Amino acid sequence: MKIGAIVLAAGEGRRFGGNKLLAKVGDEPVILRVLKALSGFDRVVIVGGAYVNELMPYLSNEVIIYNPYYRDGMSTSIRLGLRFFQDYDAVLIVLTDMPLITNEVVSRIVSAYHDGCSAVVPTHNGITGGNPVLIHRVLFPELTRLSGDVGAREILRGGRVDVCTVECGPEVLIDIDTVNDLTKVLNIVNTNRQ
């Protein structure tokens, strides 16, 4: 199965109060940790106007699409990524503010796909809604109809599509929206190092 990763990096980071993707976790910026987790996957990074110039030096080896409509929300970035991977069997929708995901976690999500699945969603201890999410091409038309600041979760709710789940660690639920979230992530990383 041919899978492409749509890496969403066009947000404005309003709740964080700055460019959270360059915040250091361990010894590297959040965005590089996420890209490392996607090692071995075809990927495209969708960037927007807010921090594009700051991010570019970190993305020199990446395929980049600039989203001029980034202020209209996440759905616009997803559409650009889908256009790029339109001939693929599935896409991974990857949020760049989740620095604890690993290549093993991403591989586990991909491996959980089987015939009859329209999407694979990671869970942790029964809590659904984790990321990244694998979306089969059967749902591409629905994804392209999304609008505003919504992602794939919008079409995965309510049991209308065949969603498969895969149990993962807590990292699939941990993102950075605020400076307080970053502090929590740093505490987790420091605890795991000891």
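Residues numbered from 1 in each chain as written. Predicted model: local features only at pLDDT ≥ 70, side-chain atom pairs only at ≥ 80, totals over all residues. Heavy atoms only, no water.

Let's shift gears to the overall build of the protein chain. Helix and strand content of the protein chain: seven helices and nine strands. Taken over the C-alpha trace, the protein chain has a radius of gyration of 16 Å; the compact-globule value for 194 residues is 16 Å, and the two agree within 12%. Once the C-alpha set of the protein chain is aligned to its principal axes, its extents read approximately 40 × 40 × 30 Å. When each of the 194 residues of the protein chain is scored for burial, the buried share is 53%. Put simply, of all contacts in the protein chain between residues at least 6 apart along the chain, 71% involve residues at least 24 apart. Counting every atom, the protein chain has about 9,400 Å² of accessible surface; 47% of that belongs to carbon and sulfur. (Helix = DSSP H or I, 4+ residues; strand = E, 2+ residues; numbered from the N terminus. Rg over C-alpha atoms; globule rule 2.2 N^0.38 Å. Buried < 20%, exposed > 50% of the residue type's maximum accessible area, 1.4 Å probe, protein only. Contact = heavy atoms within 4.5 Å. Areas by Shrake-Rupley, 256 points an atom, 1.4 Å probe, with all protein chains shown as cover.)

Strand order in the open sheet made by the seven strands is β5-β4-β1-β6-β8-β7-β9, with mixed pairing throughout. Each edge of the open sheet is held by one strand with a lone partner, namely β5 (64–66) and β9 (163–167). Averaged over all pairs of adjacent strands, the angle between strand axes in this sheet comes to 25°, irrespective of strand direction. Pairing geometry for strand β7 (residues 119–123) and strand β8 (residues 133–136), over two bridges, is antiparallel. (Pairing = 2+ DSSP bridges. Axes fitted to C-alpha atoms, helices over the stretch in contact; angles between N-to-C directions.)

For the rest of this paragraph, the subject is the pairing of strand β6 (residues 90–95). In terms of residue burial, β6 counts as a mostly covered element, since six of its six residues are buried. Neither face of β6 is open: one carries A90, L92 and V94, the other V91, I93 and L95, and all of them are buried. The sheet contact formed by strand β1 (residues 3–9) and β6 spans six bridges and is parallel. Its bridge partner lying in β6, V7 is registered against V94.

Turning next to helix α3 (residues 74–84). Because each turn of an α-helix spans 3.6 residues, side chains separated by three or four positions in sequence point in the same direction. Regarding α3, the residues found buried are S75, T76, S77, I78, L80, G81 and L82. As for α3, its buried residues are in contact with β1, β4 (42–47), β5, β6 and α5 (140–144).

What follows covers the pattern of salt bridges. Pairing between side chains of opposite charge can happen when their charged atoms approach one another. The final tally for this structure, using the stated rule, is seven salt bridges. With its nearest N and O atoms 2.9 Å apart, the salt bridge here joins K36 to E28. You can call K36 exposed: its relative accessible area is 51%. Of the charged contacts in the structure, one is a salt bridge between R43 and E62, with a shortest N-O distance of 2.7 Å. You can see R43 sitting in strand β4 and its partner E62 sitting in the loop between α2 (52–55) and β5, a full 19 residues away along the chain. Grouping residues by exposure puts R43 and E62 together as buried. Through salt bridges that share partners, R15, K20, D97 and D177 make up one connected network. (Salt bridge = Lys/Arg side-chain N within 4 Å of Asp/Glu carboxyl O.)

Next up on the list: the nonpolar core. Residues L92, I135, L143 and L156 are the most contacted members of the largest nonpolar core, which totals 68 residues. Not counting the four nearest positions on each side in its chain, L143 is found in contact with I78, R79, L82, I93, I135, A152 and I155. (Core = buried A, V, L, I, M, F, W, Y, C linked by side-chain atoms within 4.5 Å.)

Moving on, we come to the state of the cysteines. Counted by the stated rule, this structure contains one disulfide. A sulfur-sulfur distance of 1.6 Å marks the disulfide that ties C117 to C164. Where C117 bonds to C164 through sulfur, the torsion about that S-S bond is close to -105°, and the disulfide is left-handed. Of the two residues, C117 sits in the loop between α4 (103–111) and β7 while C164 sits in strand β9, which places them 47 residues apart along the sequence. Owing to a relative accessible area of 13%, C164 belongs among the buried residues under this scheme. (Disulfide = S-S within 2.5 Å.)

We now examine unusual backbone geometry. Leaving glycine out, the prevailing phi sign among residues is negative, and the prevailing peptide bond configuration is trans. A cis amide bond, omega 0°, links N131 with the succeeding residue P132. Here P132 lies in the loop between β7 and β8. Phi angles above zero are rare outside glycine, and N125 is one such case at about 50°. Along the chain, the position of N125 falls in the loop between β7 and β8. The exposure class of N125 is exposed, given its relative accessible area of 60%.

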